[in-house]
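Descriptive analysis of the structure
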Amino acid sequence: MKAVIMAGGSGSRLWPSSRSLFPKQFLSVVGKDTMLQATLDRVAGLGEGNTSVICNEEHRFVVAQQAQEFGAALSSIILEPVGRNTAPAIALAAFDALESAGDKAPLLLIMAADHVINDVAAFHAAVELAQVQAEAGNLVTFGIVPESAHTGYGYIQRGAEVAGKGGQDGAYVVSRFVEKPDAATAQSYMEAGGYYWNSGMFLFAADVYLNELKAFRPGIYTACEKAFANRQRDKDFLRIDAEAFMACPDESIDYAVMEKTDKAVVVPLSAGWSDVGAWSSLWEIGDQDASGNVSSGDVLSHNTVNSYIRAEHRLVATVGLDNVVVVETNDAVLVAAKDQVQDVKKIVEALKAQNRSEVSQHRHVYRPWGVYDSIDNGERYQVKRITVKPGAKLSVQMHHHRAEHWIVVSGTAKVTNGDKEIMLTENQSTYIPVGVVHALENPGVIPLELIEVQSGSYLGEDDIVRFEDRYGRVPKA
């Protein structure tokens, strides 16, 4: 069995903690691990060491870094040139799995990177049951046993029970998939029984999925086959042919295959699952105090009830609030009625329309060599705190419009400044004039911390001309 983790996302549902360049799967919202790392841990508990992650180009280094920090060795990181929904993404993973497989096509356990599952043992038991059905040639989906008449999820209606090998039961023929219902319809599903929330998780053989996709959506199959055939491997990353993949239809696995196949089977799952589709979801699954509040970080509350309060960088104090969400980050604060948090996407749309940076990135910006924090900025200047990982090196580059001053706070910096190469240690500094080719490297065994002061007529990140880069980034990227 091969685990396939889909790690796409636009970063809008959990704004302001989530951004387009750092969506929710990379956040620690439940426990100390990020959601991606928690998913990797869930897979490790199954005893499987063969895991792929599917993500886009912009997230590739965050995926690699978080997997490395967690100690998970990924078999591949598949990069989608553009988003084309789940049916094509899974097809790419299936082609990749078959290429490295032996005589027998592997089973693919398809999961999203941004789901919460509290009862991991129950999840593992459901996977074992589903494996029996997948080995019999079925396409298995996991249906979440509903805890309420939720209108935010699609539903799966079960049909007759399917007996597995050795008389194992607990799997059912899929009768139909239904869209997100209104409140009355959702309540009728609860009363009728036999309906499950659609989790978006699957287990099936790679060749069975591709055969069904080819039968029902040959256009998707052909585009993905061509895109994968023209792939290129770039270190840890598998790059799919962009032109071929852009011609692929945009369609979910439900529409493309699961609603059409006669091999669809649903395995019920009751494991404290949530897709964390909004801030209110974290309140629902969180540990509520005596006042019904779920708090994270440095929070002081008085006369506040039924609320979710998250402080990431400073004290957040609330007084006299009921049924609200408060989320503080180092560059934005969200205050919303808890029953209207789905509309945070309207704020994200407004930020996009205003071309504001808060829609795409945090003050903390992750790079393959480390991270930087834009701690201050104004007209013609910007101040950053830069952390370079041991052994890492920034690209050899130059800027047309800005000069830079570097002051080492801790660690050792190896600096290329024009035709000079110098070593700087704590409290030492250097000046990089406009137009001078330069580079920064950490030759030491501890992180390099430095302060960078930029000054000039234009300070955007696109004012970079790269001459050499060990991370494969294109010039001016």
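The following refers to the structure shown. Since we're looking at a predicted model, the values are computed, not measured. (Residues numbered from 1 in each chain as written. Predicted model: local features only at pLDDT ≥ 70, side-chain atom pairs only at ≥ 80, totals over all residues. Heavy atoms only, no water.)

**A closer look at the packing of aromatic side chains**
For the coordinates displayed, the defined rule picks out 14 aromatic pairs. Relative to F26, the ring of F22 has its centre 5.7 Å away and its plane inclined at 45 degrees; by these criteria the two rings are tilted. Judged by centre distance (5.1 Å) and plane angle (55 degrees), the rings of Y155 and Y189 are tilted. Residue Y155 is found in strand β7 (residues 155-162), and its partner Y189 is found in helix α5 (residues 183-192); the two are separated by 34 residues along the sequence. By the burial criterion, Y155 is buried, and Y189 matches it. Within the aromatic cluster, the residues linked to one another by ring pairs are F22, F26 and Y366. (Phe/Tyr/Trp six-rings, centres within 6.5 Å; stacked < 30°, edge-to-face > 60°. Helix = DSSP H or I, 4+ residues; strand = E, 2+ residues; numbered from the N terminus. Buried < 20%, exposed > 50% of the residue type's maximum accessible area, 1.4 Å probe, protein only.)

**As for the sheet that holds strand β18 (residues 324-328)**
The pairing of strands in a sheet happens through backbone hydrogen bonds and is either parallel or antiparallel. Spatial ordering of the open sheet is given by β14-β16-β18-β19, a layout of 4 strands whose pairing is mixed. Taken across any chain shown, the strands that pair with only one partner, and hence form the sheet edges, are β14 (294-296) and β19 (333-337). Strand-to-strand twist in this sheet, taken as the mean axis angle between neighbours without regard to direction, amounts to 5 degrees. Direction of pairing for β14 relative to strand β16 (residues 308-311): parallel, over a ladder of 3 bridges. Note that in β16 the partner of S295 across the bridge is I309. (Pairing = 2+ DSSP bridges. Axes fitted to C-alpha atoms, helices over the stretch in contact; angles between N-to-C directions.)

**Looking at the packing of helix α1 (residues 35-44) against helix α2 (residues 60-70)**
Here α1 crosses α2 at 50 degrees, and the two axes come no closer than 10 Å. Considering their axes alone, α1 and α2 lie oblique with respect to each other. Note on packing geometry: the crossing formed by α1 with α2 is right-handed. Where α1 approaches α2, its residues L36, Q37, L40 and D41 are matched on the opposing element by V63, Q66, A67, E69 and F70. (Parallel < 35°, antiparallel > 145°, perpendicular 65-115°, else oblique. Left-handed = near helix turned anticlockwise from the far one by under 90°. Contact = heavy atoms within 4.5 Å.)

**Brief notes about the sheet that holds strand β24 (residues 402-410)**
Taken together, 6 strands build an open sheet; the order of strands is β20-β21-β22-β29-β24-β27 and the sheet is antiparallel. Two strands in the sheet have a free side with no partner beyond their single neighbour: β20 (364-367) and β27 (429-432). Along the sheet, successive strands turn relative to each other by an average axial angle of 20 degrees, direction set aside.

**Examining the environment of V344**
By the secondary structure assignment, V344 is in helix α11 (residues 344-353). For V344, a relative accessible area of 6% translates into the label buried. Apart from residues lying up to four places away in sequence, V344 is in contact with S12, R13, W15 and L334.

**Remarks on the nonpolar core**
It is characteristic of soluble globular proteins that their nonpolar side chains tend to be buried jointly. In terms of nonpolar packing, the biggest core is built from 133 residues, with F123, F142, L203, F204, Y209, W279 and L440 touching the most fellow members. No other element matches the 9 residues that helix α3 (residues 86-99) contributes to this core. Contact partners of L203, with chain neighbours within four places excluded, come to M1, L107, L108, L109, V127, A130, Q131, A134, N138, L139, V140 and F142. Of all hydrophobic cores here, the second largest spans 6 residues; its members include I309, A311, V316 and V326. (Core = buried A, V, L, I, M, F, W, Y, C linked by side-chain atoms within 4.5 Å.)

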